[in-house]
Amino acid sequence: QLHRDENVLFAGYKLPHPLQYKILLRIHTTSQSSPMQAYNQAINDLDKELDHLKNEFEVALARHTGKQQTHEY
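Residues numbered from 1 in each chain as written. Predicted model: local features only at pLDDT ≥ 70, side-chain atom pairs only at ≥ 80, totals over all residues. Heavy atoms only, no water.

## Examining the UniProt feature "coiled-coil region" (unreviewed entry) in the protein chain
The condition is simple: UniProt positions are given in the numbering used here, feature names are shortened, and annotations may be inferred rather than shown by experiment. Here a helix means four or more residues in a row that DSSP labels H or I, a strand means two or more in a row labelled E, and each is numbered from the N terminus.
The UniProt entry lists residues 36–63 under the feature "coiled-coil region" (unreviewed entry), expressed in the numbering used here. Note that residues 36–63 is 100% helix and 0% strand, and that its end C-alpha atoms are spaced 41 Å apart.

## Some words on the environment of Ser34
With respect to the helices, strands and loops of the structure, Ser34 is situated in the loop between strand 2 (24–29) and helix 1 (35–72). Between the alpha carbons of Ser34 and Val8 there is a distance of 8.9 Å; along the sequence they are 26 residues apart.

## Thoughts on a nonpolar patch on the surface
Definition in use: Think of a patch as exposed residues, more than 30% relative accessible area, with no salt bridge, where like charges cluster within 9 Å and nonpolar side chains (Val, Leu, Ile, Met, Phe, Trp, Tyr) cluster within 5 Å. Areas reported as accessible are Shrake-Rupley estimates using a 1.4 Å probe. Residue values count occlusion only from the protein chains shown. Just to be clear on terms, a salt bridge is a Lys or Arg side-chain nitrogen sitting within 4 Å of an Asp or Glu carboxyl oxygen.
Taken together, Tyr13, Leu15, Ile23, Leu25, Met36, Tyr39, Ile43 and Leu46 make up a surface patch of nonpolar side chains, about 820 Å² in accessible area. Take the nonpolar patch: its biggest share by element is four residues, from helix 1.

## Overview of the pattern of salt bridges
Should their charged atoms come close, side chains of opposite charge can pair. Quick reminder of the rule: When accessible area is computed with a 1.4 Å probe and restricted to protein chains, residues below 20% of their type maximum are described as buried, those above 50% as exposed, and intermediate ones as partly exposed.
Scanning the entire structure with this criterion turns up one salt bridge. Among the ionic pairs, Arg4 bridges to Glu49, the shortest N-O distance being 2.9 Å. With Arg4 in the segment before strand 1 (8–14) and Glu49 in helix 1, this residue pair connects regions lying 45 residues apart in the sequence. Given the relative accessible area of 39%, Glu49 is considered partly exposed.

## Thoughts on the side chain of Thr29
Quick note on the threshold: Any N or O atom pair separated by 3.5 Å or less is treated as a polar contact, with the protein-specific requirement of one donor-capable and one acceptor-capable atom, and with residues adjacent in sequence counted only for side-chain atom pairs. Contacts: residue pairs with any heavy atoms within 4.5 Å of one another.
By the element assignment, Thr29 lies in strand 2. On the basis of relative accessibility, which here comes to 18%, the residue Thr29 falls in the buried class. Here the side chain of Thr29 touches Ser33 through a polar contact of 2.8 Å, landing on its backbone oxygen. Aside from chain neighbours lying at most four places away, what touches Thr29 is Asn7, Val8, Leu9, Ser34, Pro35 and Ala38.

Listed below in structure tokens is the structure:
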């Protein structure tokens, strides 16, 4: 998601140790944005994307479930 932001020049992460729940993020941005702004925007965009995906799934599931019920009669 960070790579979609035109103000992000570089974004990467490192997992120092597989048994530690710690991820190191590295974000380089243009002068138009800060790394924290880019990070927050990416999180917000991902949240919206996941909400959209959930809604689409629920609609498809309801449609599929409804069709199955009509065939059972």
